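Letter by letter, the chains look like this.
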Amino acid sequence: MPFDSPRGLSRTVAVGAARSRPCSLVVCRGCCCGDPVKFPDTDHARQLARLRAGAEASGGRFTVRTTDCLGPCDQANVVVVQPSGAGRLGGGRPTWVGFATDDGCTDDLLAWASAGGPGVAEPPTALELQFVSPPRTARTRRRR
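Let us look at the structure shown here. (Residues numbered from 1 in each chain as written. Predicted model: local features only at pLDDT ≥ 70, side-chain atom pairs only at ≥ 80, totals over all residues. Heavy atoms only, no water.)

Another aspect to go through is the environment of Ala 111. Within the fold, Ala 111 resides in helix 4 (residues 103-115). With 13 residues separating them in the primary sequence, Ala 111 and Pro 124 have C-alpha atoms 8.0 Å apart. (Helix = DSSP H or I, 4+ residues; strand = E, 2+ residues; numbered from the N terminus.)

Written as structure tokens, this is what we have:
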């Protein structure tokens, strides 16, 4: 029997809506990430354009958004791969990727997000080598 929430949504509908939320790439473009002075050999605008084009071509399997400084500036460029609703239900958690400055990393991010991301698909092996711990502030915010 479905549980009716105070807003009138049944639990079945809420779980279905959560499951349909796509994977998301959160691309840091704060103080260091995306900085052509710090990383002159990286075409930051092209990287972001490739990620956005990949999201568009994916037919809604993943989204891309930018944010201000995520914190681990010594590991720039940083991208957080947020699990889809189905991925979260499958145990996936946000995965922080550091040193995302080359085409190979961009290719791996696109492939993993297209395949479903955390909790749905295994990350490319080379990408796993770039996983970084989130800054302490991000870890404590999650617990509250």
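Counted at 1.5 Å a residue, the expected span for helix 2 (residues 44-57) with its 14 residues is 20 Å, and the 20 Å between its end C-alpha atoms agrees. Contacts from the buried residues of helix 2 go to strand 1 (23-28), strand 2 (62-67) and helix 4. Positive phi shows up at Gly 59, right after helix 2, with a value of about 70°. (Expected span 1.5 Å × (residues − 1). Contact = heavy atoms within 4.5 Å.)

Here the focus is the nonpolar core. Counting 19 residues, the largest nonpolar core has Leu 25, Leu 51, Phe 62, Val 64, Val 81 and Leu 109 as the members making the most contacts within it. In terms of residues, this core owes the most to one element, helix 4, which gives five residues. With ten residues, the next largest nonpolar core counts Val 26, Cys 32, Cys 33 and Val 80 among its residues. (Core = buried A, V, L, I, M, F, W, Y, C linked by side-chain atoms within 4.5 Å. Buried < 20%, exposed > 50% of the residue type's maximum accessible area, 1.4 Å probe, protein only.)

Moving on, we get to the sheet that holds strand 1. Overall, mixed pairing links the five strands, which are arranged 2-1-3-4-5 in an open sheet. Lying at the two open borders of the sheet, with one neighbouring strand each, are strand 2 and strand 5 (131-132). Bridging between strand 3 (residues 79-82) and strand 4 (residues 95-97) involves three bridges; their strand directions are antiparallel. Within the sheet, the bridge partner assigned to Val 79 lies in strand 4 and is Val 97. Contacts from helix 2 reach strand 1 and strand 2 within the one sheet, and its direction differs from that of strand 2 by about 150°. (Pairing = 2+ DSSP bridges. Axes fitted to C-alpha atoms, helices over the stretch in contact; angles between N-to-C directions.)

Our next topic: the state of the cysteines. With the rule as written, the count across this model stands at zero disulfides. Cys 69 takes part in no disulfide bond, and the closest cysteine sulfur, belonging to Cys 73, lies 3.7 Å away. (Disulfide = S-S within 2.5 Å.)

A word on the packing of helix 2 against helix 4. Their axes nearest at 10 Å, the elements helix 2 and helix 4 cross at an angle of 20°. Classified by the angle their axes make, helix 2 and helix 4 are roughly parallel. Relative to helix 4, helix 2 is oriented so that their crossing is right-handed. Contacts between helix 2 and helix 4 involve Arg 46, Gln 47, Arg 50, Leu 51 and Gly 54 on the former and, on the latter, Asp 103, Thr 106, Asp 107, Leu 109 and Leu 110. Considered class by class, the residues forming the contact of helix 2 with helix 4 number three nonpolar, three polar and four charged. (Parallel < 35°, antiparallel > 145°, perpendicular 65-115°, else oblique. Left-handed = near helix turned anticlockwise from the far one by under 90°. Nonpolar A, V, L, I, M, F, W, Y, C, P; charged D, E, K, R; others polar.)

Bringing the pairing of strand 2 into the picture now. Note: strand 1 against strand 2, six bridges, orientation parallel. Across the sheet, the residue bridging to Ser 24 is Thr 63, located in strand 2.

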